[in-house]
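# Structural description and commentary
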Amino acid sequence: MNKTWLRSTVLAVVIVMLAACGGTTTPTSTVPPAPTAQSTANNPNTPPPATPTAAAPTQQATASVVPATVVPPSEEASTSAEPSVTPAPTPVIVAPQSVAPGVTVVRWYCCLGAGDAPEQVAVETKAINDFNAAHSDIQIQGEFVVYAQAYDTLATEIAGGNPPDIVGPVGFGGANAFSGHWLDLTPEIQKTGFDLSQFESSTIDFFKVGDHQEGLPFAIYPSELYYQRDAFAEIGINEPPHKYGDKYIATGPAAAALNVSDGTAVPWDYNTARVLAMLLTVDKNDNDATQSGFDPTNIAQYGFEQQRDDLRGMGAYWGAGSLVGSDGSAQIPAQWAAAWQWYYDGMFKDHFIMDGSHFNDLTVWNPDGVPFCDGKVAMAENFLWSTYCMSGAGDNWDIAAIPAYNGTQTAAFNADTFRIWKDTKNPDAAFTVLQYLLGDAAGELTQIYGAMPAREELRQSFFDTLSSGFTLQKPVDWQVAIDGIDHADVPNFESPLPLNKSGENTYNESVSQINTYATRWDTTPSLDMGQQIQQMQQDLQTIWNK
Amino acid sequence: MSGLTIAQRTRLAHRPRLRKLKPLERREALWGLLFISPWLVGFVLFTFLPTVATLIFSFTNLNLSSSAPFAFVGLKNYQDLLADPQVWASLRVTFTFAALWLPVTMIVPFMVAVMLNSPSLRGASLFRVLIFLPYVVPFVAGVLIWQNTLLPDTGWLNEGLRAIGIQNPPDWLNDPTWIYPGLVLVGLWGIGGAVIINLAGLRNVPTELYDAAKIDGGGWWAAMRHVTLPLMSPVIFYSLTLGVVEVMQYFLVPFVLKNGTGEPGGTTYFLNLYIYKNFFTFQRMSYGATLAWLLFVVTLLLTLALFASARRWVYYAGERE
């Protein structure tokens with residue numbers, strides 16, 4: 001090879017590698033300062049370098065080891081079950097002070113859901129220290145990794161043959177990302193005589209996968225319909241029913257819009273909810289969405305908002321279903337397709353749901369990520385964890401039953417728990433720790449996670465503390481949330497998805513594809529939804545066929 | 001030797017030969033290596049070895065979402081890559097965007113630098129600071145600000161366009177036709193660094209050459225064409241080379257703005273985003289490594305093409321013949 005060419009090639013290779021090392025992905029003509037290892041590790045948006053480098057950069061994160069001293073719980077315990085906005089440095093290792101020979105160390109891995117906020121880590125640390133002080137034969141070692149990195153870090157630990165013993169709190173979705181790796185607890189339950197009667201049997205069933213009991217109830221988040229009482233009073237219509245099975249009493253404009261006489265009891269379903277939502281959607285000239293002069297480009301208040309983190313969850317409010325058909329192929333449940341069409345029409349045809357351009361508007365419409373919390377929406381379906389921002393929703397809101405579809409009311413359900421790794425070397429010790437986390441530690445932990453305790457005796461205290469965070473004209477009817485448990489979606493919308501033909505877990509890729517459709521539907525008017533839904537089914541099948 | 005030209009003989013005579021270092025030179029070389037060793041160690045540990053590792057991974061089945069035992073699979077990942085329609089779609093997206101992005105981000109900083117370098121501009125220092133200021137804002141924060149600026153109804157840009165009579169301004173981030181101009185707008189916000197580099201280059205152009213051009217009757221355009229551009233060509237080449245490398249890695253803006261979905265209509269599904277998703281969402285480490293190597297090779301070929309073309313248009317005043 002010509003030497004000039006050789007020199008040019010070597011120089012080009014070096015430039016490409018060095019440019020890639022710069023850590024920038026912004027195609028400016030200069031290289032901004034490279035992020036530090038810490039900032040890179042903490043940034044979920046940090047892309048992989050263009051130069052082929054080994055995966056799992058999150059492992060470069062610095063570990064802060066917290067000595068096993070008792071840390072008092074924060075006075076401002078977070079009630080958020082969502083990933084924290086101000087995560088602790090990651091990972092935080094809470095190690096036992098000393099481990100004598102013969103003592104079993106159980107590694108607790110957090111946080112695939114809630115638990116990574118500094119104030120939460122403080123309470124988790126206290127729980128560990130309390131356990132370690134009370135047990136001489138078993139010691140807990142905590143590993144707290146921020147949510148944004150927790151999946152990658154856990155996956156890397158598994159790949160490296162170093163999985164933890166206990167993982168949690170983790171929801172169904174998080175657990176399904178590692179499906180097939182959780183221990184069946186049935187033998188441990190039988191061996192220890194663990195008392196299952198402390199939980200509602202329906203909540204125990206949520207964690208069954210076939211014959212396996214892969215989890216036990218810890219924290220649950222039923223759904224409910226949040227609504228602004230003043231918005232209903234202002235236009236002279238009744239509030240939605242609180243009791244599942246009750247009908248809606250249509251009065252005033254609601255009766256007129258529903259074409260029934262004043263005071264008629266009509267089914268509390270999505271047709272009624274649509275009419276109410278349109279009445280409650282008001283433009284800047286005070287016209288509602290049922291009126292001919294309504295201006296959809298100048299809306300002041302929307303009538304309805306669906307929980308839109310996951311299209312499957314949005315479908316589940318219309319009835320439980322699964323994307324996996326009986327023959328293992330991809331399917332779209334009819335009730336989910338109906339829900340998505342209703343939701344899409346609500347945005348772009350009837351205008352009672354904000355479309356993506358308003359939902360993504362972090363300054364005017366949605367600074368908190370839950371539009372109801374900013375008082376811009378009259379009704380919103382959401383999980384109990386959304387109470388973390390309800391203090392911004394004013395002083396006169398309440399919760400009601402979820403509307404019915406085809407005569408069935410379904411309250412989509414989230415639940416977090418702790419799961420034991422299938423290949424743990426210490427299943428007995430891990431189950432002892434699990435009993436502690438579900439038992440003695442559950443009160444404090446569910447409180448900081450903002451989660452309704454699965455153990456009934458802890459609930460009153462939970463709701464008392466939750467209520468104390470709001471200043472309301474009338475106390476919230478929390479019984480609605482409790483009643484929602486009996487209307488949970490079974491199978492859960494976050495149920496496992498099949499392995500592909502190469503034996504790979506398709507869950508993450510499938511959910512990623514579903515999220516693409518969610519973004520598209522939120523932001524694109526005039527779509528043929530029938531075609532879109534059919535295409536989604538084909539896309540899922542393609543992923544599963546790989 | 002008799003068949004050689006004078007130039008070739010001169011070059012041979014000046015060619016450095018390997019010789020034994022004197023003790024003082026050896027000591028200096030050791031000190032030099034010692035001072036550079038932190039960078040060398042970091043480079044070897046965090047770039048070179050991982051790069052080699054990904055090459056090895058690309059021949060394996062390493063997948064964190066699979067329980068299959070680790071095994072070498074030969075060229076399977078490369079075969080999968082060739083048959084993967086998303087790879088070609090992502091490459092097409094990357095090149096299409098680069099075709100708009102590169103000219104704009106080359107020309108605009110250059111023109112801004114020319115204006116800042118103008119002797120008739122008053123308050124040039126203030127303008128320099130103002131133009132550089134956005135560059136120091138964390139980029140993710142900047143992108144989020146732009147996300148709101150480009151909103152169709154309440155965004156400042158469209159509010160401004162409506163104020164000047166454009167009643168239906170574009171939906172910058174959701175319309176496939178307008179997404180690339182929208183992304184370019186976001187990127188232009190951070191051109192302060194490029195402006196400074198261009199400005200430094202312009203400051204190095206000898207003013208005598210402009211005087212000579214003036215005496216020869218040349219106007220502004222002639223001076224730009226025959227003086228500024230040739231003398232700035234090394235800076236332009238430098239910016240272009242890095243620009244190509246960086247646009248091939250384009251990731252952060254679409255990832256933040258569109259949550260990594262590739263919307264609208266797949267127009268933001270850049271190759272680097274696909275690599276990221278394979279590594280960190282789908283957990284297909286081997287395939288991600290294979291894609292990363294594809295990106296590396298494509299970027300390398302483009303860079304080589306640039307170097308090959310440089311002989312024709314880059315002028316180095318101090319270059320020896």
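Residues numbered from 1 in each chain as written. Chains lettered and ligands numbered in written order. Predicted model: local features only at pLDDT ≥ 70, side-chain atom pairs only at ≥ 80, totals over all residues.

Attention shifts here to the overall build of chain B. Of regular secondary structure, chain B possesses 14 helices and 0 strands. Start at the N end of chain B and walk to the C end: the helices and strands fall as α-α-α-α-α-α-α-α-α-α-α-α-α-α. Taking 20 Å as the expected radius of gyration for a compact globule of 321 residues, we find that chain B reaches 25 Å, considerably beyond that expectation. Seen through its C-alpha atoms, chain B measures out along the principal axes to roughly 65 × 65 × 40 Å. Among the 321 residues that make up chain B, the fraction classed as buried is 36%. (Helix = DSSP H or I, 4+ residues; strand = E, 2+ residues; numbered from the N terminus. Rg over C-alpha atoms; globule rule 2.2 N^0.38 Å. Buried ≥ 20, exposed ≤ 12 C-beta atoms within 10 Å, placed from the backbone.)

Before going further, it helps to spend a moment on the overall build of chain A. Looking only at helices and strands, one finds 19 helices and 19 strands in chain A. For chain A, with 546 residues in total, the buried portion stands at 50%. Intrachain contacts of chain A at a sequence separation of at least 6 include 71% that bridge at least 24 residues. (Contact = placed C-beta atoms within 7 Å.)

On to unusual backbone geometry. All names here are of chain A. Backbone torsion omega between glycine 168 and proline 169 reads 0°, so that peptide bond is classified as cis. Along the chain, proline 169 turns up in strand β5 (residues 166–170). Of note, the amide linkage connecting valine 490 to proline 491 takes the cis form, showing an omega dihedral of 5°. With respect to the element layout, proline 491 can be found in the loop between α17 (479–484) and α18 (507–523).

What follows is about the domain arrangement of chain B. Structurally, chain B comprises domain 1 (20–57) and domain 2 (76–313). One C-alpha centre belongs to domain 1 of chain B, the other to domain 2 of chain B; they are set 33 Å apart. (Domains from an automatic or database assignment.)

This part takes up the sheet that holds strand β13 (residues 299–305) of chain A. Residues and elements named next belong to chain A. With mixed pairing, the 5 strands of this open sheet are ordered in space as β12-β13-β14-β9-β15. Edge positions in the open sheet fall to β12 (282–283) and β15 (397–400), since each of these has one partner strand only. Looking at chain direction, β13 and strand β14 (residues 377–383) are connected through 3 bridges and run parallel. Paired with tyrosine 302 across the strands is valine 377, a residue of β14. Contacting β13 and β14, helix α10 (residues 270–280) crosses the sheet at an angle of about 165° to β13. (Pairing = 2+ DSSP bridges. Axes fitted to C-alpha atoms, helices over the stretch in contact; angles between N-to-C directions.)

This brings us to the packing of helix α9 (residues 192–203) of chain B against helix α11 (residues 220–248) of chain B. Residues and elements named next belong to chain B. The contact between α9 and α11 brings their axes to 9 Å, and the two run at 160°. As far as their axial angle goes, α11 and α9 are roughly antiparallel. As for how α9 packs across α11, the hand of that crossing is right-handed. Contact residues: Ala194, Ile197, Asn198, Gly201 and Leu202 in α9; Met232, Val235 and Ser239 in α11. (Parallel < 35°, antiparallel > 145°, perpendicular 65-115°, else oblique. Left-handed = near helix turned anticlockwise from the far one by under 90°.)

Here the focus is the environment of asparagine 360 of chain A. Tracing the sequence through the fold places asparagine 360 of chain A in the loop between α13 (356–359) and β14. Sequence spacing of asparagine 360 of chain A and threonine 523 of chain A is 163 residues, and the spatial spacing of their C-alpha atoms is 9.6 Å.

Residues and elements named next belong to chain A. One can read the domain layout of chain A as domain 1 (66–221 + 414–487) and domain 2 (223–412 + 497–545). A C-alpha centroid distance of 30 Å is found between domain 1 and domain 2. Every contact between the two is made by 26 residues of domain 1 and, on the other side, 24 residues of domain 2. Examining the composition of the side of domain 1 that touches domain 2, we find that 4 residues originate from one element, α17, more than from any other. In the side of domain 1 that touches domain 2, the residues fall into 11 nonpolar, 11 polar and 4 charged. (Nonpolar A, V, L, I, M, F, W, Y, C, P; charged D, E, K, R; others polar.)

What follows covers helix α2 (residues 23–57) of chain B. Residues and elements named next belong to chain B. End to end, α2 covers just 44 Å across 35 residues, shorter than the expected 51 Å (1.5 Å per residue, more than 12% under). When the local axis directions of α2 are compared, the greatest deviation, roughly 55°, occurs at serine 37, which is followed within four positions by the proline proline 38. For α2, the set of buried residues is Pro50, Thr51, Thr54 and Phe57. In this structure, the buried residues of α2 make contact with α14 (285–313). (Expected span 1.5 Å × (residues − 1). Bend = angle between axes of the 7 residues up to and from the residue.)

Cys111, Ile166, Met379, Ile420, Val433, Leu434 and Leu437 of chain A are the most contacted members of the largest nonpolar core, which totals 189 residues. The dominant element in this core, judged by the number of residues it contributes, is α14 of chain B, at 9 residues. In contact with leucine 434 of chain A, other than residues within four places in its own chain, are Ile166, Phe418 and Ile420 of chain A. With 11 residues, the next largest nonpolar core counts Phe110, Ile191, Val195 and Leu199 of chain B among its residues. (Core = buried A, V, L, I, M, F, W, Y, C linked by C-beta atoms within 7 Å.)

The next point concerns the pairing of strand β3 (residues 104–110) of chain A. Residue and element names in this part refer to chain A. Of all 7 residues that make up β3, 5 are buried, and the element is covered over most of its length. Bridging between β3 and strand β4 (residues 138–144) involves 7 bridges; their strand directions are parallel. Residue pairing for β4: cysteine 110 is matched across the bridge by phenylalanine 144. Running through helix α3 (residues 118–134), the crossover from β3 to the neighbouring parallel element β4 is right-handed. Taken together, the 2 bridges between β3 and β5 define a ladder with parallel strand orientation. (Right-handed = clockwise from strand over helix to strand, strands pointing away.)

All names here are of chain A. Within β4, 6 of the 7 residues are buried, leaving the element largely enclosed by the surrounding structure. As defined by bridge partners, strand β2 (residues 92–94) adjoins β4 across 3 bridges and the pair is classed as antiparallel. From the neighbouring strand, valine 92 faces β4, where its bridge partner is phenylalanine 144.

The packing of two helices is summarised by the inter-axis angle and the distance between the axes. Residue and element names in this part refer to chain B. Where helix α3 (residues 76–83) contacts α14, the two axes come as close as 9 Å, and the packing angle between them is 65°. One finds that α3 runs roughly perpendicular with respect to α14. Handedness of the crossing formed by α3 with α14: right-handed. Across from Asn77, Tyr78, Asp80 and Leu81 in α3, the residues of α14 making contact are Ser286, Tyr287, Thr290, Leu291 and Leu294. Here the contact of α3 with α14 is composed, by residue class, of 5 nonpolar, 3 polar and 1 charged.

Of all residues in chain A, 84% have pLDDT values of 70 or greater, and the mean over the chain is 84. Note on residues 20–88 of chain A: pLDDT is under 50 here. Beyond four places in sequence and across chains, it has 187 contacts. (pLDDT = per-residue confidence, 0-100.)

With that settled, consider the environment of isoleucine 299 of chain A. Residue and element names in this part refer to chain A. Position of isoleucine 299 relative to the elements: it lies in strand β13. Along the chain, isoleucine 299 and glutamine 149 lie 150 residues apart, while their C-alpha atoms are 39 Å from each other. Once you skip the residues sitting within four places of it in the chain, isoleucine 299 turns out to touch Thr281, Asp283 and His351.

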